[in-house]
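# Examining the three-dimensional arrangement
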Amino acid sequence: MTAAVAAVDLGATSGRVMLGYVGHDEMRLVPVARFPNQPVRTVDGLHWNILELYRSVIAGLTSAVREEPGVSSIGIDSWAVDYALLRGDRMLGAPFHYRDDRTARGVELVHEVAPFEELYRANGLQFLPFNTLYQLAADRDGGWLDAADTALLVPDLLAFQLTGERRAEATNASTTGLVDVATGEWNEGLIARLGLPRRLFPPLVRPGAVVGELLPSVRAELGLGSGAGAGAAGPSLPVIAIGSHDTASAVVAVPATAPDFAYISSGTWSLVGVELEHPVVTDASREANFTNEGGVDGRVRFLQNVSGLWLLSESVRTWEREGGESLDLPTLLSQAAAVAHPVGVFAAGDPVFIAPGDMPGRIAGWFGSRGLRAPSGRAEVVRSILESLAEAYAVSIRTAVELSGAAVSVVHVVGGGSQNELLCQLTADRTGLPVLAGPVEATAIGNVLVQARARGLVSGSLEALRALVARTHPPRRYLPRPAR
Ligand code: LFR
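Residues numbered from 1 in each chain as written. Predicted model: local features only at pLDDT ≥ 70, side-chain atom pairs only at ≥ 80, totals over all residues.

Now for the overall build of the chain. When helices and strands are counted, the chain shows 17 helices and 20 strands. Here the C-alpha radius of gyration of the chain, 22 Å, is about what a compact globule of 484 residues would show, namely 23 Å. A principal-axis box enclosing the C-alpha atoms of the chain has dimensions of 70 × 55 × 50 Å. For the chain, the proportion of its 484 residues judged to be buried stands at 51%. At a minimum sequence separation of 6, the contacts of the chain that also span at least 24 residues come to 74%. (Helix = DSSP H or I, 4+ residues; strand = E, 2+ residues; numbered from the N terminus. Rg over C-alpha atoms; globule rule 2.2 N^0.38 Å. Buried ≥ 20, exposed ≤ 12 C-beta atoms within 10 Å, placed from the backbone. Contact = placed C-beta atoms within 7 Å.)

Structure below.
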């Protein structure tokens, strides 16, 4: 049997709604809507345009049910850590963007109460200045939490808008810093110590659980009739919890055929690591800044946020702003591939590159402040970015292996970056391992597969789901070139 589910997949620069057709030997995505995700800077900082995103999701789902009336469920994923505060049904302002700098104060406030060493033992998370707990601490300091009764991460917020149910999906909740790495439950002690109201954190749901049926008003908007639930108003169309952290869904869709793989989920960020059965929360993993995020089926995503194609896209944006013309990325990439001399490599993960703004200037500054020659000209800058990313991947993979004892003989690159041939080749060269690239839409595929399994369209372990992806989306292979 082949049947369809709908995946809502929101990335930091664009979102999409896809139909996923899944059967025993079938896994096919049909895009039904693609829309930009453009953050908005207002007087108080950088926000996600959540209403625009919601409107686009509704429009996309409307097209999905029109195209495929047999669609049987909906799953939603997005980037992690960011949330809206609610009082009753009302949202108290648009969520802040994780690249907003209000969190610096939050980091200080949290670390005064709970030093990073202690936090790491409790939540197993790498330090990222925008982790939810720091954002919440900044909001608490501003008095914003007093009015709120619930905090919902972005996919949970959209699921709430669709169903009226307030839940916290577990893989994404693991990125808040407030979930106990050992138990997978909200860390009541830590929440209390940080002075955060317990009421903000709704019940956790695991991937595969039903979040709820669409509200009658939403059914009406989608053209499904306005009666409640199934029956006269038409078939039921529940929202299903999936790995709502985009990275968790992407890791589900790694087309691995053996357990000894590392993965790079490559998009705005590159999330580089291995999958484990148990967390690694040691002094060494803390010092290396490795995270233990929650995966689907209780797996652990032991990984590191290396910067990603953000370095490139923000450089292109800077050049376009300066030049007043739009640039052709394929041309830039082939010019970068043609650079025959060695270019400098910088620390792609340096926090100096997190904020929006002049990226080539910051890269030049990184080299300049160390007395090193900065790449000059666009082709060299692009080449330097890709070499630096590939080098950071190689270091992260080596470190993941050392810290976890996992065996790695192949690197899977999934997501948008898997289309970047130069980056894939450089990754093979610098890791010394074969790289298997694709699928591009890994996040949406992982979203679809976990729904499909929950609906009984496929069965089995993550390994079985991955084997299905490998059969239907064979990856492209890059072999390391002899040392250059
Ligand atoms: C990737 C991602 C990363 C998370 C970052 C911020 O899209 O979800 O996993 O660290 O965005 O939320």
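Of note, Leu303 is situated in strand S17 (residues 300-307). Sequence separation between Leu303 and Leu403 is 100 residues, and the spatial gap between their C-alpha atoms is 11 Å. Those residues in contact with Leu303 that sit more than four places away from it in its chain are Leu271, Val272, Gly273, Phe290, Thr291 and Glu293.

So, about the UniProt feature "domain: Carbohydrate kinase FGGY C-terminal" (unreviewed entry) in the chain. According to UniProt, the feature "domain: Carbohydrate kinase FGGY C-terminal" (unreviewed entry) maps to residues 262-454 in the numbering used here. Span residues 262-454 is 47% helix and 17% strand, its end C-alpha atoms 26 Å apart. (UniProt positions renumbered as here; feature names shortened; annotations may be inferred.)

Within strand S14 (residues 261-266), six of the six residues are buried, which leaves it mostly tucked inside the rest of the structure. Where burial is concerned, the two faces of S14 agree: the one with Phe261, Tyr263 and Ser265 and the one with Ala262, Ile264 and Ser266 are both buried. As judged from the five bridges shared by S14 and strand S18 (residues 410-414), these two strands associate in the parallel manner. Bridged to Ile264 within S18 is Val413. Direction of pairing for S14 relative to strand S15 (residues 269-276): antiparallel, over a ladder of four bridges. In the sheet register, Ser265 faces S15, and the bridge partner there is Leu271. (Pairing = 2+ DSSP bridges.)

It is worth spelling out the packing of helix H14 (residues 378-404) against helix H15 (residues 421-431) at this point. With their axes 8 Å apart at the nearest point, H14 and H15 run at an angle of 45 degrees to one another. Put simply, H14 runs oblique to H15. Viewed along their axes, H14 and H15 form a crossing whose handedness is right-handed. Note on element contacts: H15 touches H14 through Leu422, Leu423, Leu426, Thr427, Arg430 and Thr431, opposite Leu386, Glu387, Leu389, Ala390, Glu391, Tyr393, Ala394 and Ile397. Each residue belonging to the contact of H14 with H15 can be placed in one class, and the counts come to nine nonpolar, two polar and three charged. (Axes fitted to C-alpha atoms, helices over the stretch in contact; angles between N-to-C directions. Parallel < 35°, antiparallel > 145°, perpendicular 65-115°, else oblique. Left-handed = near helix turned anticlockwise from the far one by under 90°. Nonpolar A, V, L, I, M, F, W, Y, C, P; charged D, E, K, R; others polar.)

Every one of the 13 residues lining the ligand counts as a neighbour, but Trp79, Ala80, Val81, Thr247 and Trp269 are closest to it. Within the residue set of the shell around the ligand, elements represented by two or more residues are helix H9 (246-252) and S15. Looking at the shell around the ligand, its residues break down into seven nonpolar, five polar and one charged. Counting contributing residues per domain, the shell around the ligand is built from domain 1 (3-240) and domain 2 (256-438), each supplying no fewer than three. (Near = placed C-beta within 6 Å. Domains from an automatic or database assignment.)

So, about unusual backbone geometry. Omega for the bond connecting Gly438 with Pro439 falls within 30 degrees of zero, at 5 degrees, which places this linkage in the cis form. Looking at the secondary structure, you find Pro439 in the loop between strand S19 (435-437) and helix H16 (442-454). The backbone of Val81 shows a phi angle near 65 degrees, a positive value even though the residue is not glycine. One can find Val81 in the loop between strand S6 (74-77) and strand S7 (83-87). In this structure, Asp297 takes a positive phi of about 60 degrees despite not being glycine. Relative to the helices and strands, Asp297 resides in the loop between strand S16 (291-294) and S17.

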